[in-house]
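Observations on the model geometry
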Amino acid sequence: APGPRGRGHGRVAATAIGVVALAWAWGAWRVGQQALFDGPIARVGIVQGNVPQDQKWDPAHRDDILRRYLDLTRQVAALGVDLVIWPESSTPFVFGRDALPTEIMRAAVVRAGVPVVFGSDEIEGAGDRFYNAAFLIDPSGEVRGSYRKMQLVPFGEYVPLRSLLFFAQPLVERTSDFSAGERVTLLPLGGHKLSVAVCYEAVFPWLSRQAVRDGSQLLTTVTNDAWYGRSAAPYQHFEQARVRAVETGRYLVRAANTGISGVVDPYGRVLVRSPLFETGVYTGEVRWLSGATVYTRIGDSVPWACMLVTVLLIVVWRWPVRPRWR
């Protein structure tokens, strides 16, 4: 017969299996109820420009890149979409500062008759502050809002501890030394609000949670994963973004320069997925949603509580027991 220790291990295993089975059953029931799909429908278009990394900032390719994005935007607008999304840093110029390509782009959006969310650099003031940003242009050609990336990539967009790591500065000078945005900013569109995560901001749960708590009804993410070639990184990045949709109970639309672009529903199911390194446009239906998930309400309270309990149990278990002497 098994001893007390064996029976204890059996109860622990049975409890763990029961918890997993209960979570699976509840999840299956909830998906069947379609509980997170009560909201107005919108049709979105995604532009995947597929611009090689060595051409993105080459002035010789600027006009061709802009023409490519504008041609693809006209193509997807003709499919009757309500919103078009371009990737991160999709404009081969600084939007708003470089006057001629900015006006060409505005005029093209007016002709297409559809709002466009796109990534571009943004310069503030005399040029002392440089941001990786996302803008929303409406069908009249007016900018309705912008969001400045808050979570910058160390050694890619800035040098942390610059005074100590001064020797790493040339790594950033080859790209740009960005400043971080200070707050989550929502972009208004026809009575609704959407949020944008720029590149690897999609792996930070607190950003999407804050956006939803502030009123975001749709998550979007714009990125450029061309750096990673055909490695596992673009696939991993896409899967990480999927989790944000599940956590917040929102549709997520992802536009990536070379892929993977796509649409994910609030249960994490991929509705649209593009291949890597192919130029094209993709469409999908989303809903403007306003409900709140458990994660949106309480955030990471449960994981932190579990970690605290685990540490306390380890301390108690390891604490030396002193014998009592009579």
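Residues numbered from 1 in each chain as written. Predicted model: local features only at pLDDT ≥ 70, side-chain atom pairs only at ≥ 80, totals over all residues. Heavy atoms only, no water.

Across its full length, the protein chain holds eight helices and 12 strands. Taken across its 326 residues, the protein chain has 45% of its residues classed as buried. The contacts of the protein chain with a sequence gap of at least 6 include a subset with a gap of at least 24, amounting to 68%. Summing over all exposed atoms, the protein chain offers an accessible surface of approximately 17500 Å²; the carbon and sulfur share of this is 59%. (Helix = DSSP H or I, 4+ residues; strand = E, 2+ residues; numbered from the N terminus. Buried < 20%, exposed > 50% of the residue type's maximum accessible area, 1.4 Å probe, protein only. Contact = heavy atoms within 4.5 Å. Areas by Shrake-Rupley, 256 points an atom, 1.4 Å probe, with all protein chains shown as cover.)

What follows deals with the packing of aromatic side chains. How two aromatic rings sit relative to each other is set out by the distance from centre to centre and by the angle between their planes. Scanning the model with the defined rule gives seven aromatic pairs in all. Geometrically, the ring pair formed by W86 and F118 is tilted, given 6.0 Å between the ring centres and 55 degrees between the ring planes. Linking W86 in the loop between β2 (83-85) and α3 (99-112) with F118 in strand β3 (residues 116-124), this pair joins segments that are 32 residues apart in sequence. This pair shows no difference in class: W86 is buried, exactly as F118 is. Ring pairs connect the aromatic residues Y69, W86, F95, F118 and F135, which therefore count as one cluster. Here R148 stacks its cationic end above the ring of Y131, 4.0 Å away from the centre of that ring. (Phe/Tyr/Trp six-rings, centres within 6.5 Å; stacked < 30°, edge-to-face > 60°. Lys NZ or Arg CZ within 6 Å of the ring centre and 35° of its normal.)

Another point: the packing of helix α2 (residues 62-77) against α3. Running from N to C, α2 and α3 point in directions that differ by 10 degrees, and their axes come no closer than 10 Å. Comparing the axis directions of α2 and α3 gives the class roughly parallel. Crossing angle aside, the handedness with which α2 passes α3 is right-handed. In this structure, α2 uses R62, L66, L70, T73, R74 and A77 to contact α3, whose residues at the interface are P101, I104, M105, A108, R111 and A112. Class assignment of the residues belonging to the contact of α2 with α3 gives a composition of eight nonpolar, one polar and three charged. (Axes fitted to C-alpha atoms, helices over the stretch in contact; angles between N-to-C directions. Parallel < 35°, antiparallel > 145°, perpendicular 65-115°, else oblique. Left-handed = near helix turned anticlockwise from the far one by under 90°. Nonpolar A, V, L, I, M, F, W, Y, C, P; charged D, E, K, R; others polar.)

With respect to the helices and strands, D138 occurs in the loop between β4 (129-137) and β5 (143-148). Here R144 takes part through its side chain, which lies 2.5 Å from a polar atom of the side chain of D138. Not counting chain neighbours up to four residues away, the residues in contact with D138 comprise V109, P115 and R144. (Polar contact = N/O pair within 3.5 Å; in protein donor to acceptor, adjacent residues only side chain to side chain.)

Note the cis peptide between G259 and I260, where omega equals 5 degrees. For I260, the position within the fold is in the loop between β9 (252-256) and β10 (262-264). With phi around 55 degrees, C199 is a residue other than glycine that occupies positive phi space. Along the chain, C199 falls in the loop between β7 (192-198) and α5 (205-213). By relative accessible area, which is 9% here, C199 ends up buried. A positive phi angle is found at F277, which is not glycine, with a value near 55 degrees.

Its 16 residues give α2 an end-to-end C-alpha distance of 23 Å, which sits within 8% of 22 Å, the value for a rise of 1.5 Å per residue. Along α2, the residues that are buried comprise I65, L66, Y69, L70, L72, T73, V76 and A77. Looking straight down α2, one finds its buried side chains confined to an arc of 160 degrees; they lie on one side. Looking at the buried side of α2, the elements it contacts are β1 (41-48), β2, α3, β3 and β12 (280-287). (Expected span 1.5 Å × (residues − 1). Arc of directions from axis to C-beta.)

Before going further, it helps to spend a moment on the pattern of salt bridges. Under the counting rule described, the total for this entry stands at 14 salt bridges. Across the salt bridge formed by R74 and D71, the nearest N and O atoms sit 2.1 Å from each other. Of this pair, R74 and D71 both sit in helix α2, three residues apart, roughly one helical turn. With a shortest N-O distance of 3.9 Å, E239 and R273 are connected by a salt bridge. Linking E239 in helix α6 (residues 233-248) with R273 in strand β11 (residues 270-273), this pair joins segments that are 34 residues apart in sequence. Given a relative accessible area of 34%, E239 falls into the partly exposed group. A cluster of three or more residues bridged by salt bridges with shared partners is formed by E122, E124, R129 and R148. (Salt bridge = Lys/Arg side-chain N within 4 Å of Asp/Glu carboxyl O.)

Together, V294, I298 and V302 make up a nonpolar patch on the protein surface, roughly 250 Å² of accessible area in all. Relative to the helices and strands, I298 is located in helix α7 (residues 294-298). Residue I298 is classed as partly exposed on the basis of its relative accessible area, which comes to 37%. (Patch = residues over 30% accessible without salt bridge, like charges linked within 9 Å, V, L, I, M, F, W, Y side chains within 5 Å.)

Now for the sheet that holds strand β6 (residues 187-189). Spatially, β6-β7-β8-β9-β10-β11 is the arrangement adopted by the six strands of the open sheet, whose pairing is mixed. Each of the sheet's edge strands pairs with one partner strand only, and the pair in question is β6 and β11. Adjacent strand axes in the sheet meet at a mean angle of 20 degrees when their direction is disregarded. Bridging between strand β8 (residues 218-223) and β9 involves five bridges; their strand directions are parallel. In the strand pairing of β9, T223 is matched with A256. Sheet strands in contact with α6 are β8, β9, β10 and β11, and its direction is about 160 degrees off that of β9. (Pairing = 2+ DSSP bridges.)

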